[in-house]
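Coordinates in review
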Amino acid sequence: MIVEGESLFNDAAAIALFVVLLGVFTGAGEPSFVSGALEFVKGFVGGLLLGYGMALVAGFMISQWRGAAVTEITLSVAFTYLTFVLGQAYFEVSGIIAVVTAAMVFASNVRTRLSPGTWETLLVTWRQLEFWATSLIFVLASMLAPRMFSAMEWTDGLAIATVFVVALVARAGVLWGALPSLSWFGLSQPISHAYKLVLCWGSLRGAVTVALALLAATGIS
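What you see is a predicted model; the values in this text were computed from it and never measured.

The next point concerns the overall build of the protein. Along its length, the protein carries eight helices and zero strands. Listed N to C, the secondary structure of the protein is α-α-α-α-α-α-α-α in terms of helices and strands. Seen through its principal axes, the protein has C-alpha atoms that stretch 60 × 45 × 35 Å. Counting every position in the protein, which comprises 221 residues, the buried fraction comes to 27%. A fraction of 74% describes how many contacts in the protein between residues 6 or more apart in sequence connect residues 24 or more apart. With an accessible surface of roughly 14000 Å², the protein has 74% of that area assigned to carbon and sulfur atoms.

Following this line, the structure appears as structure tokens:
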């Protein structure tokens, strides 16, 4: 539960920051720390507000069709993709942050408006969608990987290994440096060193990392 909870905003924030950096490398964004930071804050905060509002709208609509389980589940799927598209394409905020926020509000508040027994069916539906999406990501990666590996040199492998080590060190710095400070101020529950090791090694989800690599490959090329 700790790993799953930590990965909610960890992965979402990483994706939002990755999109900002990718825009700089591809020339779509301004190569400035201040502008990049402002763009990240705008996307993050805007995503929070959009996701919260969309979850409330979804809850209202679901309450109007209470008793129709298929319709309730369909609305949850439709509003998820609608939230992402609105955030990413129209409001120019982080669509992934908006989706994560909407999911958290939905799970803590809107679920009480579902028909009895619908929540369990909805979880099964989303687990199936998650499995299909994860499988598709790895299939696409396996199609692209041979062409990329054929053009790699030993310096590329060294750069990848360096980034991997630096990422682990950065996560360790947060877990053993920043997190105790939050616990001391009462802003976070204390976490044992054993759990911190798991969180440090867990890093990003495998599918998320592969998806970002695919996005970088297609965006830069």
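Counted at 1.5 Å a residue, the expected span for helix α4 (residues 95-108) with its 14 residues is 20 Å, and the 20 Å between its end C-alpha atoms agrees. G95, I97, A98, V99, V100, T101, A102, V105 and F106 are the residues of α4 that are buried.

Counting 14 residues, the largest nonpolar core has L50, I62, F79, F106, L114, W119 and L122 as its most contacted members. Of all elements in the fold, only α2 (33-64), α3 (69-90), α4 and α5 (118-150) reach the threshold of two or more residues within this core. Here this core gets four residues from one element, more than from any other, and that element is α2. Discounting residues that sit within four places of it in the chain, L50 has contacts with T83, L86, G87, F91, V93 and A98. Core analysis: the next-biggest nonpolar cluster, separate from the first, contains five residues, A141, L144, V210 and L214 among them.

Taken as a whole and assessed by the stated rule, the structure comprises one salt bridge. Across the pair K42 and E92 runs a salt bridge, and its minimum N-O distance is 3.8 Å. Residue K42 is located in helix α2, and its partner E92 is located in the loop between α3 and α4; the two are separated by 50 residues in the primary sequence. The partly exposed category is assigned to K42, whose relative accessible area is 38%.

Criteria and thresholds
Residues numbered from 1 in each chain as written. Predicted model: local features only at pLDDT ≥ 70, side-chain atom pairs only at ≥ 80, totals over all residues. Heavy atoms only, no water. Helix = DSSP H or I, 4+ residues; strand = E, 2+ residues; numbered from the N terminus. Buried < 20%, exposed > 50% of the residue type's maximum accessible area, 1.4 Å probe, protein only. Contact = heavy atoms within 4.5 Å. Areas by Shrake-Rupley, 256 points an atom, 1.4 Å probe, with all protein chains shown as cover. Expected span 1.5 Å × (residues − 1). Core = buried A, V, L, I, M, F, W, Y, C linked by side-chain atoms within 4.5 Å. Salt bridge = Lys/Arg side-chain N within 4 Å of Asp/Glu carboxyl O.

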